[in-house]
Structure formats: structure tokens, C-alpha cells
Amino acid sequence: MFHSYAAIGDSFTEGVGDELPDGSVRGWADFVAMGLAIAAREPVGYANLAIRGRKLGPIVDEQLETAIALRPEVISFNGGGNDMLRPRMPEERVADRFRQAVHRIRDEGIHVLMLSGANPTDHLPLGRVFDARGVRLTAALGDLAELDGVTFVDNFNDRGLRDIRYWSPDKLHLNSLGHARVASNVLTAIGVATPEEWGVAEVAAAPPGPRSRNTATYYREFVLPWIGRRLTGRSSGDGRTAKRPTLEPLAPDAAH
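Thresholds, definitions, all that
- Residues numbered from 1 in each chain as written.
- Predicted model: local features only at pLDDT ≥ 70, side-chain atom pairs only at ≥ 80, totals over all residues.
- Heavy atoms only, no water.
- Helix = DSSP H or I, 4+ residues; strand = E, 2+ residues; numbered from the N terminus.
- Rg over C-alpha atoms; globule rule 2.2 N^0.38 Å.
- Buried < 20%, exposed > 50% of the residue type's maximum accessible area, 1.4 Å probe, protein only.
- Contact = heavy atoms within 4.5 Å.
- Areas by Shrake-Rupley, 256 points an atom, 1.4 Å probe, with all protein chains shown as cover.
- Lys, Arg positive; Asp, Glu negative; His and termini not counted.
- Charge placed at Lys NZ, Arg CZ, Asp CG, Glu CD.
- Polar contact = N/O pair within 3.5 Å; in protein donor to acceptor, adjacent residues only side chain to side chain.
- 1 Å grid on protein atoms, 1.4 Å probe; cavity = no way out; pocket = protein on both sides within 12 Å on 5 of 7 lines; lining within 4 Å.
- Points joined across faces, edges and corners; volume = space filled by probe spheres on them.
- Nonpolar A, V, L, I, M, F, W, Y, C, P; charged D, E, K, R; others polar.
- Salt bridge = Lys/Arg side-chain N within 4 Å of Asp/Glu carboxyl O.

- The name given to the protein chain in an unreviewed UniProt entry is SGNH/GDSL hydrolase family protein, with Agromyces mariniharenae as the source organism.

Below, the structure written as C-alpha cells:
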């Protein structure tokens, strides 16, 4: 049982797609912290340093040492999704940086929750290209799962998670159902029960959603703005800071 947890990554870990009424985002890492607090029946320290739009390099450069300095018992690490969406992806360099980060966390005696991101490629333009990159990156890092002190949660190959019911309108980020399913994958991997009130099992047992179609409205609202940011060198994370930069206690009552 872990009693302190820090998360690093990009929009996947920040929780984009799982928006709350006040405009903040929640996401799977928040759910994991809630699950830990409920299982422990006492407060759990939780920090989330993830910032949307970050490629793997900036995640490692800006977040890794800060997370280690918090001295949590476990750090979750995911990255590379934004690298895969670029026209060219230096796959060996990305894999090497990921590998170095995992070893750096282990060297500090901190348990590593190593996650692959959920796979949105069934619903995206050029999805086959991005899917192939994700398959190769996940396979290249598979040996890390055999290391002591590492728990690998392979969301990329969770076929059920590809269902459109788990994705937000931009089809790139998970919605609240998708984030809850990823959290369930994580909790199951570390031997912690998923709270029944999250409804993960019921959603998984329901019929799949309709076939995804990319309309002109979809391209206008989501694809073109994304292309515009790439052409101008902007990121959705520009000017943003971590939503939970220190280990703050999360009590079981608050988690429920």
C-alpha cells in the first residue's frame, strides 16, 4: 500500500477530458490517489506535476527531479504521446529518454508506475501511422516491466479502452469514463480494489458505442486549431503550471 504518490506526464496524466463544473480537470491520476486513500482508510499524500502539451523531453527535464524531491513512495510516469503526433518522431531517442527516467526513479528507491497511454488511433486522422509508432514504442520499453520496483500498466493495448464511449469530443483525450477505466487498470496492477461506485465494470459490460466518424465540424473545431498551434510553435500547455505541485493530503472522505 502506497501512502504518498506523485504523477508526472502530459495531458493524459493531468486529466484533460475529465473536466469538472468549476473548469478544473480531474483524470485517472486523481482517481488513483482516491483509490489509495479509500483503501488505506487514511489520508494519502498526492501531487500531480503533469502539464498538457508536453513532449517527453520537457516532462523529464521539468518534472522528474521535482517529483523525486518530494520523496513519494511511488511516481507514475507516462510520456511520448505528443512526440508520436509530430510529423517525425525520433523513436530511439524517445525510448532512451523514457528508459533513463525509469532508472532514475528506481535509483532513488521510489516505486515506478510506468504507463502507456490510451490508444486513440481508431478515431483520429492518420490513426494507422500513430498506432504503429505506439506499438513500436511500447514494445521497445517492455523489458522495463521485468525490473524490480516497476509496475507496468499497458493501456495502449487495452482494446476495450478504444471504444468511442471512453473518449472526449476531440477524440484525442479520454473522458471521465476513460480516465476511470485507466485508474482501475492502475489500481488492479498494484493490488488495490477499484471502488464499485465508479461504475467501471458496468460501463465495460455495456454494449460498445457507435462507429466514430470525423465530420467537417470535427475538423473545424479540433483538427485545424491543433494544426495551427503546431505551425506557430504554440502548445496547449503554454503558460500553465502544475495543478497540484506538492504532496497534499487526500482524505478518504474527500475521495468518496
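### A word on the overall build of the protein chain
Link 1 in the chain: Helix and strand content of the protein chain: ten helices and six strands.
Link 2 in the chain: Scaling as 2.2 N^0.38, a compact globule of 256 residues should have a C-alpha radius of gyration of about 18 Å, and the protein chain matches this with 17 Å.
Link 3 in the chain: For the protein chain, the spread of C-alpha atoms along the principal axes amounts to about 50 × 40 × 35 Å.
Link 4 in the chain: Residues classed as buried in the protein chain amount to 52% of the 256 residues present.
Link 5 in the chain: Taking the contacts inside the protein chain whose residues are at least 6 apart along the sequence as the reference set, 77% of them involve residues at least 24 apart.
Link 6 in the chain: As displayed, the protein chain has an accessible area near 12100 Å², and 52% of this comes from carbon and sulfur atoms.
Link 7 in the chain: Once the 30 positive and 33 negative side-chain charges of the protein chain are each reduced to a mean point, those two points are 8 Å apart.

### Focus: the side chain of His 179
Link 1 in the chain: By the secondary structure assignment, His 179 is in helix α7 (residues 176–189).
Link 2 in the chain: In terms of polar contacts, His 179 uses its side chain to reach the backbone amide nitrogen of Trp 28, at 3.1 Å.
Link 3 in the chain: Look past the residues within four positions of His 179 in its chain and what remains in contact with it is Phe 12, Gly 15, Val 16, Asp 18, Gly 27, Trp 28, Phe 31 and Leu 174.

### Let's talk about the layout of surface pockets
Any empty space left between atoms is shown by rolling a water-sized probe over those atoms.
Link 1 in the chain: Considering only enclosed or pocket space, the largest pocket measures out at about 780 Å³ in volume.
Link 2 in the chain: Around the largest pocket, the lining is made up of 33 residues, and of these Leu 85, Leu 172, Phe 222, Trp 226 and Arg 229 lie nearest the centre.
Link 3 in the chain: Elements supplying a minimum of two residues to the lining of the largest pocket: α6 (127–140) and α9 (216–232).
Link 4 in the chain: Residue composition of the lining of the largest pocket, by class: 17 nonpolar, eight polar and eight charged.

### Overview of unusual backbone geometry
Link 1 in the chain: Even without being a glycine, Arg 41 presents a positive backbone phi close to 60°.
Link 2 in the chain: Mapped onto the elements of the fold, Arg 41 is located in the loop between α2 (28–40) and β2 (44–48).
Link 3 in the chain: Phi is positive for Arg 71, close to 55°, though the residue is something other than glycine.
Link 4 in the chain: Secondary-structure assignment places Arg 71 in the loop between α3 (56–69) and β3 (74–77).
Link 5 in the chain: Overall, the relative accessible area of 45% leaves Arg 71 in the partly exposed class.

### A look at the pattern of salt bridges
Link 1 in the chain: Throughout the structure, instances matching the rule amount to 14 salt bridges.
Link 2 in the chain: With a shortest N-O distance of 2.9 Å, Lys 243 and Asp 30 are connected by a salt bridge. On the criterion of sequence distance, the pair formed by Lys 243 in the loop between α9 and β6 (244–250) and Asp 30 in helix α2 is long-range, its members being 213 residues apart.
Link 3 in the chain: Residue classification places Lys 243 among the partly exposed residues on the basis of a relative accessible area of 31%.
Link 4 in the chain: By sharing partners, the salt bridges in this structure join Glu 65, Arg 71, Arg 104 and Glu 108 into a single network.

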